[in-house]
Amino acid sequence: MAKTESANLISTFAEFKESKNIDRKTLMSIMEESFRNVITKTYGSDKNYKIVINPDKGDVQIWRNRIVVEEDKVTDPNLEIPLSEAQKIQEDYEVGEEVTEQVEFSSFSRRAVLNLRQMLASKVLDVQKDTLYEKYSEMVGQIVKGTVYQMWKKEVLMLDDEGNELLLPKAEQIPSDFYHKEDYVRAVVVKVDNQNNNPKIYLSRTSPLFLERLFELEVPEIKDGLITIKKVVRVPGERAKVAVESYDDRIDPVGACVGVKGARISGIVRELRNESIDVINWTNNVSLLISRALSPAKISSIGLDNENKRADVYMKQEDISLAIGKNGNNIKLASMLSGYTIDVYREEDELTDGDDIYLDEFSDEIDSWVIDMLKQAGYNTAKEVLNTSKEELLRNVDFEEETVDDIYRILSEEFSE
């Protein structure tokens, strides 16, 4: 093969290697396979050919081995060479010996050369697509950065640092997102399709996973495993709730996530177009979790239907609007976080006729920390406690059985009197 032609081929696909991250070994394999396909189509077989590719020198050499036969015994010109022709290459060749000769590029037809170039381009493109698919399949759930290239009605096309296309569908954009060409955007990879060997990488800014990954970037304690994000729920662009937990009593998980004067969470809020973010302490106590999730509203009592995953929440009239929140987002997110359907009711004023007593009235007989724990679990009055079975109270509040017995005794004595 003429050196200038082979050099052009190699330099062309060296550019692919540099721009598409195809390693040299893979590129050389692709080139050899492409040359062998063309040889097979031209000569019928490639078994007796050796291809030597030297990308550093910009050279491709094709060597063919043929067996020397008598003049009238040639049955396959690709595998056999007549004695007279062999002796033109080297005078001392004899019948039965093997002749190795270089096949010049000029022996290929124009169509064969065109097919070679097309085949190389196609195979390199296939490798590029496979590499892209494998790369982003491993990045599902991770945050990536891209530059806005084109905006359509249903999606935004972005390019990563290597020029690969990323798609951000309209449904995965925060409602207040607005982009210009060349804008720099962060999002999480949620899906990678590869239909007809045509990888499509889909991103999201509305996924709870995006918010979770942002916290991991901003809060070192989460990355180090000192704080765990238990659950994230969102109404994108409006409000979100993030439940966190730490197994180290020395670490305040909520404080660590918010940061001094909100320094850590403020950057996340800006990224999410001023989405309001509530960070709360996680607990397996459903009543307490609902109480925390409905903050800033203060709950008077909670009735749970664990079988049907429903919660009836009672509170003062002035707290109901706080519990529901703007457009119902607060109660919606509290339901999503707890897994319970929450219904809010105005607290019945049962105390005006003297039938019940607030727990605070027992502060001279019951330790203040016990009363606080009961109130955090949703119990505010004596009858709310007495109307709860011992087993349920032990599940809802982390007390010793002896402590619960004392509570029942003290509260019961008040009503028996």
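Quick caveat, the model's predicted, so the values are computed rather than measured.

Colleague: Can you help me understand the sheet that holds strand E14 (residues 310-315) in this one?
Modeller: Adjacent strands of a sheet pair through backbone hydrogen bonds, lying either parallel or antiparallel. Strand order in the open sheet formed by three strands is E13-E14-E15, and the pairing between neighbours is mixed. Two strands bound the open sheet, and with one partner strand each, they are strand E13 (301-305) and strand E15 (341-346). Strand-to-strand, the axes of this sheet are offset by a mean angle of 20°, without reference to chain direction. Relative to E15, E14 runs parallel, the two being bridged by six bridges. Paired with Val-313 across the two strands is Val-344, which belongs to E15. Running at roughly 125° to E13, helix H9 (residues 286-293) makes contact with E13, E14 and E15 of the sheet.

Colleague: Would you mind going over the sheet that holds strand E10 (residues 227-235) with me for this structure?
Modeller: The sheet built from three strands is open, its strands ordered E10-E11-E12 with mixed pairing. Every other strand in the sheet has two partners, leaving E10 and strand E12 (276-281) as the edge strands with one partner each. On average, adjacent strands in this sheet sit at an angle of 20° to one another, irrespective of strand direction. Note: E10 against strand E11 (residues 239-246), eight bridges, orientation antiparallel. The residue bridging Val-232 from the neighbouring strand is Val-242, located in E11. Relative to E12, H9 is tilted by about 150°, and along the sheet it contacts E11 and E12.

Colleague: I keep staring at a negative patch on the surface and nothing clicks. Help me out?
Modeller: A cluster of acidic side chains, namely Glu-91, Asp-92, Glu-94 and Glu-97, defines a negative patch on the protein surface. Within the secondary structure, Glu-91 is located in the loop between helix H3 (83-89) and strand E4 (98-102).

Colleague: How should the packing of helix H10 (residues 317-324) against helix H11 (residues 329-338) be read in this particular structure?
Modeller: In contact at an axis separation of 5 Å, H10 and H11 are set at 70° when each is read in the N-to-C sense. Put simply, H10 runs roughly perpendicular to H11. Along its contact with H10, which presents Leu-322, Ala-323 and Ile-324, the element H11 presents Asn-329, Asn-330 and Ile-331. Looking at the contact of H10 with H11, its residues break down into four nonpolar, two polar and no charged.

Colleague: Explain the environment of Leu-322 to me, please; I cannot follow it from the model alone.
Modeller: The residue Leu-322 is located in helix H10 in this model. You can call Leu-322 partly exposed: its relative accessible area is 38%. Residues Leu-322 and Pro-296 lie 26 residues apart in sequence; the distance between their C-alpha atoms is 6.5 Å. If near-sequence neighbours (up to four positions away) are discounted, Leu-322 is found in contact with Pro-296, Ala-297 and Asn-330.

Colleague: What should I look at first to understand the pattern of salt bridges in this one?
Modeller: Oppositely charged side chains can form a pair if their charged atoms are brought close together. Summed over the entire model, instances satisfying the criterion amount to 25 salt bridges. Its salt-bridge partner being Lys-191, residue Asp-193 comes within 3.9 Å of it at the nearest N-O pair. By relative accessible area, Asp-193 is classed as partly exposed at 25%. Given a relative accessible area of 42%, Lys-191 falls into the partly exposed group. A single salt-bridge network, built from bridges that share partners, covers Asp-177, Arg-186, Arg-205, Glu-271 and Arg-273.

Colleague: Explain the pairing of E13 to me, please; I cannot follow it from the model alone.
Modeller: On a regular strand, each side chain points to the face opposite its neighbour's, so the side chains alternate between the two faces of the sheet. Sheet analysis places E13 next to E14, joined by five bridges and oriented antiparallel. Looking at the pairing, Ile-302 lines up with Val-313 of E14. In this structure, the hairpin formed by E13 and E14 is closed by a connection of four residues, where Lys-309 is found at a positive phi of approximately 55°.

Colleague: When you look at helix H15 (residues 401-416) in this model, what are you seeing that I'm missing?
Modeller: An α-helix turns once per 3.6 residues; consequently, residues spaced three or four apart project the same way. The end-to-end C-alpha distance of H15 is 22 Å, a good match for the 22 Å that 16 residues give at a rise of 1.5 Å each. Val-404, Ile-407, Tyr-408, Ile-410 and Leu-411 are the residues of H15 that are buried. For H15, the buried positions fall inside an angular range of 165° around the axis, keeping them on one side. Opposite the packed face of H15, turned more than 90 degrees from it, sit the exposed residues Glu-402 and Ser-416. If you follow the buried residues of H15, they end up packed against helix H12 (368-376), helix H13 (382-386) and helix H14 (390-396).

Colleague: Is there a simple way to think about the pairing of strand E7 (residues 165-169) in this case?
Modeller: Along E7, four of the five residues are buried, which leaves the element largely enclosed by surrounding structure. Pairing geometry for strand E6 (residues 155-159) and E7, over five bridges, is antiparallel. Each bridged residue has a counterpart across the sheet, and for Leu-157 the counterpart in E7 is Leu-167. The hairpin turn running from E6 into E7, its antiparallel successor, is five residues long, and Gly-163 in that turn takes a positive phi close to 85°.

Colleague: How do you make sense of the packing of aromatic side chains when you look at a structure like this?
Modeller: To describe a pair of aromatic rings, one takes the distance between the centres and the angle between the planes. As enumerated under the stated definition, the model contains three aromatic pairs in all. Over the ring of Tyr-149 we find Lys-181, and its NZ or CZ is 5.0 Å from the ring centre. The lysine or arginine in question, Lys-191, covers the ring of Tyr-202, its NZ or CZ lying 4.9 Å from the ring centre.

Colleague: Please clarify how the packing of H9 against H11 should be interpreted in this entry.
Modeller: A packed helix pair is summarised by two numbers, namely the angle formed by the two axes and the spacing between the axes. Relative orientation of the contacting elements H9 and H11 amounts to 150°, with a least axis distance of 9 Å. Taken together, the axes of H9 and H11 lie roughly antiparallel to each other. Considering how the two elements wind past one another, H9 and H11 form a crossing that is right-handed. The residues of H11 that touch H9, namely those facing Leu-289, Ile-290 and Ala-293, are Asn-330, Ala-334, Leu-337 and Ser-338. Of the residues contributing to the contact of H9 with H11, the split by class is five nonpolar, two polar and no charged.

What counts and how
- Residues numbered from 1 in each chain as written.
- Predicted model: local features only at pLDDT ≥ 70, side-chain atom pairs only at ≥ 80, totals over all residues.
- Heavy atoms only, no water.
- Pairing = 2+ DSSP bridges.
- Helix = DSSP H or I, 4+ residues; strand = E, 2+ residues; numbered from the N terminus.
- Axes fitted to C-alpha atoms, helices over the stretch in contact; angles between N-to-C directions.
- Contact = heavy atoms within 4.5 Å.
- Patch = residues over 30% accessible without salt bridge, like charges linked within 9 Å, V, L, I, M, F, W, Y side chains within 5 Å.
- Areas by Shrake-Rupley, 256 points an atom, 1.4 Å probe, with all protein chains shown as cover.
- Salt bridge = Lys/Arg side-chain N within 4 Å of Asp/Glu carboxyl O.
- Lys, Arg positive; Asp, Glu negative; His and termini not counted.
- Charge placed at Lys NZ, Arg CZ, Asp CG, Glu CD.
- Parallel < 35°, antiparallel > 145°, perpendicular 65-115°, else oblique.
- Nonpolar A, V, L, I, M, F, W, Y, C, P; charged D, E, K, R; others polar.
- Buried < 20%, exposed > 50% of the residue type's maximum accessible area, 1.4 Å probe, protein only.
- Expected span 1.5 Å × (residues − 1).
- Arc of directions from axis to C-beta.
- Phe/Tyr/Trp six-rings, centres within 6.5 Å; stacked < 30°, edge-to-face > 60°.
- Lys NZ or Arg CZ within 6 Å of the ring centre and 35° of its normal.
- Left-handed = near helix turned anticlockwise from the far one by under 90°.

Taken by themselves, the reported measurements are silent on function.
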